[in-house]
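Topology and contacts: notes
Next come the chains, spelled out residue by residue.
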Amino acid sequence: MKIWIGCDHAGYERKQEVIAMLNARNIEVKDCGCNGERVDYPLIAKVVGKAVAANPGDRGILICGTGIGMSIAANKIRGVRASVCADAFSTKYTRLHNDANIMCMGARTLGGGVALELVEIFLDTPFEGGRHEARVHMITELEQEW
Ligand code: RB5
């Protein structure tokens, strides 16, 4: 599993912290920018979203001021299930029940310690499958309808 990671200017410092943590865990990381410069978050969400959609099994991490803009943009891409992750319970259950493949976090809403812990949960929690499989499939079907 590779991690595709991206941020806008608001999320740059937090992204560097997350990359350092992923490196310490020997997880392959693809950094899709930005490098601290001012950038419109949909551009970065598009790059990470397309990469995750094209590489099933990989995951994405997107960081902006709130995580919300990144999630709205990434969820426009077929195959992406992006969730704003701001607490441990939601982060765990968006993996267990929604098979979320991208986590979005707010650098202005979460402290660094919390963010890194949420990344651990997102990476280490499997999809539960079972009755949730059909529901996730229904989301995929919605993508074809609209
Ligand atoms: C940038 O100022 C900010 O709007 C962006 O990082 C994000 O919070 C949008 O959702």
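Residues numbered from 1 in each chain as written. Predicted model: local features only at pLDDT ≥ 70, side-chain atom pairs only at ≥ 80, totals over all residues. Heavy atoms only, no water.

1. Some words on the environment of Glu-141
Relative to the helices and strands, Glu-141 resides in helix α6 (residues 131-145). With a relative accessible area of 38%, Glu-141 lands in the partly exposed category. For the pair Glu-141 and Arg-95, spaced 46 residues apart in sequence, the C-alpha separation works out to 19 Å. (Helix = DSSP H or I, 4+ residues; strand = E, 2+ residues; numbered from the N terminus. Buried < 20%, exposed > 50% of the residue type's maximum accessible area, 1.4 Å probe, protein only.)

2. As for helix α4 (residues 88-96)
Listed as buried for α4 are Thr-91, Thr-94, Arg-95 and Leu-96. Of the surrounding elements, those touching the buried residues of α4 are β3 (59-64), β4 (82-84), β5 (102-106), α5 (112-124) and α6. If you check the start of α4, you find a side-chain oxygen 3.1 Å away from the backbone N of Phe-89, and it comes from Asp-87. (Contact = heavy atoms within 4.5 Å. Polar contact = N/O pair within 3.5 Å; in protein donor to acceptor, adjacent residues only side chain to side chain.)

3. Here's the deal with the pattern of salt bridges
In total, this model carries nine salt bridges according to the counting rule given. Among the salt bridges present, the one from Asp-124 reaches Arg-25, with a minimum N-O distance of 2.7 Å. Of the two residues, Asp-124 sits in helix α5 while Arg-25 sits in the loop between α1 (12-24) and β2 (29-31), which places them 99 residues apart along the sequence. Taking relative accessible area as the criterion, Arg-25 reaches 33% and is therefore assigned partly exposed. Residues Glu-28 and Lys-30 are paired through a salt bridge, measuring 3.7 Å at the closest nitrogen-oxygen approach. Among the residues examined, Glu-28 registers a relative accessible area of 44% and is labelled partly exposed. Connected through salt bridges with shared partners, the residues Arg-25, Glu-120 and Asp-124 form a single ionic network. (Salt bridge = Lys/Arg side-chain N within 4 Å of Asp/Glu carboxyl O.)

4. A word on the site of the ligand
In the vicinity of the ligand, the contacting residues are Asp-8, His-9, Ala-10, Tyr-41, Cys-64, Gly-65, Thr-66, Gly-69 and Arg-108. One of the backbone nitrogen or oxygen atoms of Gly-65 is found 2.7 Å away from an oxygen atom of the ligand. In the environment of the ligand, an oxygen atom lies 2.9 Å from a nitrogen or oxygen atom belonging to the backbone of Gly-69. Coverage of the ligand by the protein amounts to 72% of the 290 Å² it exposes when considered alone. Looking at the shell around the ligand, its residues break down into three nonpolar, four polar and two charged. (Near = heavy atom within 4 Å. Areas by Shrake-Rupley, 256 points an atom, 1.4 Å probe, with all protein chains shown as cover. Nonpolar A, V, L, I, M, F, W, Y, C, P; charged D, E, K, R; others polar.)

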